[in-house]
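Examination of the molecular architecture
Listed below are the residues making up each chain.
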Amino acid sequence: MTDPRTHHLWRPYTQMQTAAPPLEAVRTHGSRIVLADGRELIDGIASWWTAAHGYNHPHIRAAVAAQLEAMPHVMFGGLTHAPAERLAARLAGLLPGDLDHVFFTDSGSVAVEVALKMAVQMWVNRGIAGRTRILAFREGYHGDTLGAMSVCDPDEGMHRRFGAYLPAQVFCDLPRTAVQVATMDARMAAERETLAAVIIEPLVQGAGGMRMHAPDVLATVARLAKRHGLPLIADEIFTGFGRTGTLFACEQAGIVPDILCLSKALTGGTMALAATIATRAVFESFLSDDPAAALMHGPTFMANPLACAAANASLDLFEREPRLEKVAAIAMALAEGLEPLRYLPGVADIRVLGAIGVVQFRQAPDLADLKRRFLALGTWVRPFGAIVYLTPALTIASEDLAQLLAAMRAVVTETTA
Ligand code: PLP
């Protein structure tokens with residue numbers, strides 16, 4: 001093992017003293033990651049759920065190469081450019097309702113920060129003081145920056161050590177039962193004068209444990225938010241772009257949030273780009289003769305032209321190729337392939353939604369051992385907590401998916417034996 005004290009890279013979510021050294025990736029193609037030692041792994045998680053069209057899609061590569069020639073980057077303050085103009089208009093056209101106003105940033109966490117700031121500043125701009133808190137859901141995850149951390153699960157989440165540093169938000173259980181609906185309703189009524197918004201991961205709480213909820217739960221959240229006059233922020237950073245079976249998860253509940261966040265698969269997983277999209281009403285609360293009423297945010301690399309070109313090319317692929325049909329086929333294969341694990345004594349639950357397949361263990365397994373077993377079978381799967389899951393590229397070849405599922409069955413069976 002390399003001595004972390006003499007090594008320059010500091011890795012994500014990694015205990016540098018004890019972690020096994022990372023594998024060196026040298027190339028990617030389709031659903032495959034090629035390692036420096038020549039091994040080729042089938043990627044079961046599409047690089048943290050980003051690579052919607054698989055790796056190195058020629059259409060995205062060509063669009064980025066052309067943009068690289070013309071203008072890799074230009075500042076966005078006082079300037080604009082066709083890739084961003086086009087992308088914003090296309091996103092507005094694809095999103096439900098009047099989610100028409102697009103603010104670009106460069107990561108999911110920052111898209112969430114901007115959404116929270118939008119909600120808070122919207123009240124300030126309307127002359128209503130004191131509305132600075134966010135109602136968020138237990139088991140949720142929205143990112144690693146300050147505001148985003150503050151709306152992650154405060155007890156179970158990975159940020160619990162930061163409790164004293166974070167703004168105190170209001171947490172509820174997702175309203176799955178009548179009691180939970182009534183509790184949320186009561187919390188909203190009680191905190192009404194201090195709340196700025198509600199934030200939710202529609203249909204799937206991803207990094208908090210891949211927990212799914214029915215569209216009517218999402219619809220209930222939207223209904224309660226509306227009843228209490230609170231803007232709803234839909235964090236579709238994980239669920240956006242087909243992952244749950246529809247282009248956006250909100251569609252399944254027939255809701256239009258007031259603010260929606262996108263990232264991850266926005267560029268087909270090729271480049272850092274995120275977007276926070278607001279309805280006309282939210283946007284118009286920033287229109288004023290007062291310069292201080294403007295949205296006070298502006299990352300240096302916002303709307304990077306290369307990333308916008310990649311995102312436009314990714315949208316072309318969603319238009320031209322049958323991605324959602326493929327997601328339906330992946331969902332069926334996941335459901336069928338994971339079903340035999342349901343009755344193993346160590347397995348608590350199997351769940352599938354779109355191109356997300358999850359095995360929940362009764363007890364957290366030895367994750368390092370699990371990862372080793374997947375690697376030995378030529379697959380790249382990253383279990384966490386008490387779950388192991390597959391979120392493959394939406395273009396994965398059926399033989400590759402079959403191999404991933406075979407690896408899941410073998411590893412879960414051995415682990416729970
Ligand atoms: N929101 C959700 C729902 C996410 O799943 C993630 C990342 O996993 C984020 C926000 C944060 O995105 P990023 O890692 O790009 O900052």
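Check the entry above for the structure.
Residues numbered from 1 in each chain as written. Predicted model: local features only at pLDDT ≥ 70, side-chain atom pairs only at ≥ 80, totals over all residues. Heavy atoms only, no water.

**Observations concerning the site of the ligand**
Surrounding the ligand, one finds W49, S107, G108, S109, Y141, H142, G143, E201, D235, I237, F238 and K264. At 2.8 Å, a backbone N or O of G108 approaches an oxygen atom of the ligand. For the ligand, an oxygen atom lies 2.6 Å from a polar atom in the side chain of S109. (Near = heavy atom within 4 Å. Polar contact = N/O pair within 3.5 Å; in protein donor to acceptor, adjacent residues only side chain to side chain.)

**Details of the packing of helix α11 (residues 323-338) against helix α13 (residues 398-416)**
Contact geometry for α11 and α13: axes closest at 10 Å, N-to-C directions at 30 degrees. Put simply, α11 runs roughly parallel to α13. When you trace α11 past α13, the crossing you get is right-handed. Where α11 approaches α13, its residues K326, I330, A333, L334, G337 and L338 are matched on the opposing element by S398, L401, L405, M408 and R409. By residue class, the composition of the contact of α11 with α13 is 7 nonpolar, 2 polar and 2 charged. (Axes fitted to C-alpha atoms, helices over the stretch in contact; angles between N-to-C directions. Helix = DSSP H or I, 4+ residues; strand = E, 2+ residues; numbered from the N terminus. Parallel < 35°, antiparallel > 145°, perpendicular 65-115°, else oblique. Left-handed = near helix turned anticlockwise from the far one by under 90°. Contact = heavy atoms within 4.5 Å. Nonpolar A, V, L, I, M, F, W, Y, C, P; charged D, E, K, R; others polar.)

**Structural notes on the environment of E339**
Looking at the element boundaries, E339 is found in the loop between α11 and β13 (347-353). Put simply, E339 and V179 are 160 residues apart on the chain and 31 Å apart in space, counted from C-alpha to C-alpha.

**Some details on the sheet that holds β13**
Ordered in space as β13-β14-β16, the 3 strands form an open sheet in which the pairing is antiparallel. The sheet is open, and its two borders are formed by β13 and β16 (387-390), each paired with just one other strand. For this sheet, the mean inter-axis angle between neighbouring strands, taken without regard to orientation, is 10 degrees. Strand direction decides the pairing type here: β13 and strand β14 (residues 356-361), joined by 6 bridges, are antiparallel. By the bridge assignment for β14, D349 is matched with Q360. Across the sheet, α13 touches β13, β14 and β16, and the angle it forms with β16 is around 170 degrees. (Pairing = 2+ DSSP bridges.)

**Here we look at the side chain of D43**
If you trace the backbone, D43 turns up in strand β3 (residues 40-43). From its side chain, D43 meets the backbone nitrogen of S47 in a polar contact 3.1 Å long. Discounting chain neighbours no more than four positions away, the residues touching D43 are S31, I33, Y55, W380, P392, I396 and L404.

**As for the packing of aromatic side chains**
For the structure shown, the criterion picks out 7 aromatic pairs. An angle of 50 degrees between the planes, with centres 6.4 Å apart, marks the rings of F162 and Y165 as tilted. In this structure F162 comes out as partly exposed when scored by relative accessible area, which is 38%. Aromatic side chains F241 and F318 sit 5.8 Å apart centroid to centroid with 35 degrees between the ring planes, which places their arrangement in the tilted category. Taken as a pair, F241 in the loop between β10 (232-235) and α8 (250-253) and F318 in helix α10 (residues 305-320) lie far apart in primary sequence, 77 residues in all. Accessibility assignment for this pair places F241 and F318 in one class, buried. An aromatic cluster of three or more residues is present, and its members are W49, F238, F384 and Y389. Sitting over the face of the ring of W123, R126 holds its NZ or CZ atom 5.9 Å from the ring centroid. For the cation-ring pair, R131 lies above W123, with the distance from its terminal atom to the ring centre recorded as 4.0 Å. (Phe/Tyr/Trp six-rings, centres within 6.5 Å; stacked < 30°, edge-to-face > 60°. Buried < 20%, exposed > 50% of the residue type's maximum accessible area, 1.4 Å probe, protein only. Lys NZ or Arg CZ within 6 Å of the ring centre and 35° of its normal.)

**Quick word on the sheet that holds strand β6 (residues 170-172)**
Strand pairing in a sheet relies on backbone hydrogen bonds, with the paired strands running either antiparallel or parallel. Spatial ordering of the open sheet is given by β4-β12-β11-β10-β7-β5-β6, a layout of 7 strands whose pairing is mixed. This sheet does not close on itself; its edge strands, each paired only once, are β4 (99-105) and β6. Across the sheet, the axes of successive neighbouring strands diverge by a mean angle of 20 degrees, strand direction being ignored. For strand β5 (residues 133-137) and strand β7 (residues 195-200), the ladder comprises 3 bridges, and the chain directions are parallel. Counterpart to R133 in the pairing with β7 is L195. In the packing of helix α3 (residues 82-94) onto the sheet, the strands contacted are β4, β11 (259-262) and β12 (274-279), and the crossing angle to β4 comes to about 135 degrees. Contacting β5, β6 and β7, helix α6 (residues 178-190) runs over the sheet at an angle of about 165 degrees to β6.

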